[in-house]
Amino acid sequence: MDDSGSVPVPVPVRLRVHILERIAMSCMNLRDLDGAMEARTECITILNTISKLDPMIPHFLKGIAEIHAARGCLRKQLQFLELCFHIQEAWPADRKDPLSEARTASAIGSIHRKSSKLDDAIEWYEKSLEKMEFLGEDHVDLLPNLLIVAKIHHACCEWDLSLAAFAECKNILYSNPDHNSGLLASILYTMGTLCDHLEDERSANLCYEESLAIARPLVHALPRTRLILAGAQIKLAIILQNQGKTCAAKKAAEEAIEYGLLEPLSAADDKCSSLVTSHTFSFLIQLYAVLGDTSKVNLYSRKLMEFENGQCADGEHTKRARMHGAPAA
């Protein structure tokens with residue numbers, strides 16, 4: 001017996017565990033969940049006779065959690081993942097695996113998020129981030145959990161907390177030379193909207209301008225960035241109008257329309273783009289009405305009507321095409 005209380009393990013025992021896990025994997029592939037459960041449970045029983053802290057036990061606990069997930073039993077899945085996490089935390093310092101603990105905590109957070117237990121979800125995602133602190137505050141592996149935390153706070157209308165989390169995401173992306181520019185532009189746009197909620201017009205303006213500077217060169221390579229461009233431009237137009245910069249507001253709004261009328265990438269993008277474009281036309285109509293420019297009011301009113309009628313026609317065409325089993329043109 002060594003200092004950790006473990007008994008030296010005969011090779012045949014490890015071999016038996018390995019064979020049982022292969023059987024479990026085959027059962028999973030065949031959707032034989034009972035067979036997989038039996039094999040993995042036997043693996044844990046064998047390993048517990050060797051050491052309660054055997055490093056393979058969490059692996060098989062996660063495997064059992066996977067089986068419960070396949071059965072749609074989130075409560076049982078959660079139970080086994082939490083047991084896995086507590087065993088990992090109990091390991092001696094020289095045997096700890098922080099990244100494995102972080103992945104387990106993140107999986108638990110995901111279950112709470114699916115169950116709409118958002119406070120619990122944030123708690124576990126933050127535990128996951130704590131386990132990864134040794135990587136450094138700007139490590140790219142922190143990004144997925146930070147994004148989720150930011151989005152949860154956003155969904156809960158916790159604007160300041162969401163903004164802080166998105167700001168950390170932005171810093172991570174900037175600190176990594178191979179960062180995802182499209183994601184960075186999207187984060188900066190979202191940060192702008194959060195600054196709007198917090199009535200921080202100056203910071204919102206900076207975020208929108210930074211988002212535009214990153215997104216413009218990407219519009220052909222990453223078509224979805226046009227939604228960021230259109231949204232940021234109309235947001236800037238509103239800020240500029242509030243500042244009394246009418247000419248700059250008109251220019252920004254007209255550029256927003258140009259991006260909004262580009263060919264959509266998907267049905268979801270089309271809907272989003274349509275909302276932005278309609279909103280921008282309405283903004284220009286109101287702007288020119290204040291300026292007393294009747295001809296421009298009539299021009300953009302007509303364009304708005306044509307645009308909305310075109311959207312309705314496209315929607316009806318798509319509906320008819322789908323009814324007849326043909327793809328929409």
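Please read these numbers as outputs of a predicted model, since none were measured by experiment. (Residues numbered from 1 in each chain as written. Predicted model: local features only at pLDDT ≥ 70, side-chain atom pairs only at ≥ 80, totals over all residues. Heavy atoms only, no water.)

> So what about the overall build of the protein chain? Which residues, and what values?
Tallying secondary structure elements over the protein chain gives 14 helices and zero strands in all. Tracing the protein chain from N to C terminus, the helices and strands come up as α-α-α-α-α-α-α-α-α-α-α-α-α-α. In the protein chain, of all internal contacts separated by at least 6 residues, the share reaching a separation of at least 24 is 55%. Approximately 18000 Å² of the protein chain is accessible, and the part contributed by carbon and sulfur atoms is 56%. (Helix = DSSP H or I, 4+ residues; strand = E, 2+ residues; numbered from the N terminus. Contact = heavy atoms within 4.5 Å. Areas by Shrake-Rupley, 256 points an atom, 1.4 Å probe, with all protein chains shown as cover.)

> How would you explain the packing of aromatic side chains if you had to name every residue and give the values?
A complete count under the given rule lists four aromatic pairs for this structure. Centroid distance F281 to Y300: 6.2 Å. Interplanar angle 45 degrees. Geometry classified as tilted. With F281 in helix α13 (residues 267-291) and Y300 in helix α14 (residues 294-323), the pair connects residues that are 19 residues apart, well separated along the chain. Measuring from ring centre to ring centre gives 5.8 Å for Y288 and Y300, while their planes differ by 10 degrees; the resulting arrangement is stacked. Here Y288 is found in helix α13, whereas its partner Y300 is found in helix α14, with 12 residues between them in sequence. The pair Y288 / Y300 is uniform in exposure class, with both members buried. What links up through ring pairs into an aromatic cluster is the set F281, Y288 and Y300. Note that K127 overlies the ring of W124, its terminal NZ or CZ placed 3.9 Å from the centroid. (Phe/Tyr/Trp six-rings, centres within 6.5 Å; stacked < 30°, edge-to-face > 60°. Buried < 20%, exposed > 50% of the residue type's maximum accessible area, 1.4 Å probe, protein only. Lys NZ or Arg CZ within 6 Å of the ring centre and 35° of its normal.)

> Pulling in residues and values, what's your account of the environment of I108?
Residue placement: I108 occurs in helix α5 (residues 98-114). Under the relative-accessibility criterion, I108 is labelled buried at 0%. In sequence terms I108 and L78 are 30 residues apart; their C-alpha atoms lie 6.3 Å from each other.

> Please provide a residue-by-residue account of the nonpolar core, values included.
Residues F166, I187, M191, I234, F283, L284 and Y300 are the most contacted members of the largest nonpolar core, which totals 61 residues. For this core, the element with the most residues is helix α11 (residues 225-242), which contributes nine residues. Beyond its immediate chain neighbours, meaning those up to four positions away, I234 contacts A253, A256, V276, H279, T280 and F283. Judged by nonpolar contacts, the second largest core, of 31 residues, contains M28, L61, I87 and W124. (Core = buried A, V, L, I, M, F, W, Y, C linked by side-chain atoms within 4.5 Å.)

> How would you explain the confidence of the model for the protein chain if you had to name every residue and give the values?
Segments scoring low in pLDDT should not have their predicted coordinates read at a detailed level. Residue-level pLDDT values for the protein chain average 85, and 86% of them are 70 or greater. Within the model, the stretch residues 313-329 combines pLDDT values under 50 with six contacts to residues more than four positions away or in other chains. (pLDDT = per-residue confidence, 0-100.)

> So, α11: which residues are in play, and what are the values?
An ideal rise of 1.5 Å per residue puts 26 Å on 18 residues; α11 measures up with 26 Å between its terminal C-alpha atoms. Taken across its 18 residues, α11 has 14 buried, putting it largely inside the fold. One or two steps after α11, the chain reaches G244, where phi turns positive at roughly 80 degrees. (Expected span 1.5 Å × (residues − 1).)

> Explain the state of the cysteines residue by residue, including any values.
Under the defined criterion, the tally for this structure stands at zero disulfides. Of the cysteine sulfurs around C157, a residue in no disulfide, the closest is that of C156, at 7.6 Å. (Disulfide = S-S within 2.5 Å.)

> So what's going on with the packing of helix α2 (residues 33-50) against helix α3 (residues 57-70)? Residues and values would help.
Between two packed helices, both the angle of their axes relative to each other and the distance between the axes serve to describe the pair. Orientation of α2 relative to α3, taken along the N-to-C sense of each, is 160 degrees, at an axis distance of 9 Å. When the axis of α2 is compared with that of α3, the two are roughly antiparallel. The interaxial crossing formed by α2 with α3 has left-handed handedness. Contacts from L33, A36, M37, R40, T41, C43, I44, L47 and N48 in α2 reach I57, F60, L61, G63, I64, E66, I67, H68 and A70 in α3. Looking at the contact of α2 with α3, its residues break down into 12 nonpolar, four polar and two charged. (Axes fitted to C-alpha atoms, helices over the stretch in contact; angles between N-to-C directions. Parallel < 35°, antiparallel > 145°, perpendicular 65-115°, else oblique. Left-handed = near helix turned anticlockwise from the far one by under 90°. Nonpolar A, V, L, I, M, F, W, Y, C, P; charged D, E, K, R; others polar.)

> Which residues make up the side chain of E21, and what values go with them?
As for its placement among the helices and strands, E21 is situated in helix α1 (residues 11-29). Classification of E21 by relative accessible area gives buried; the value is 11%. When sequence neighbours within four positions are dropped, the list of residues in contact with E21 reads R40, C43, H59 and F60.

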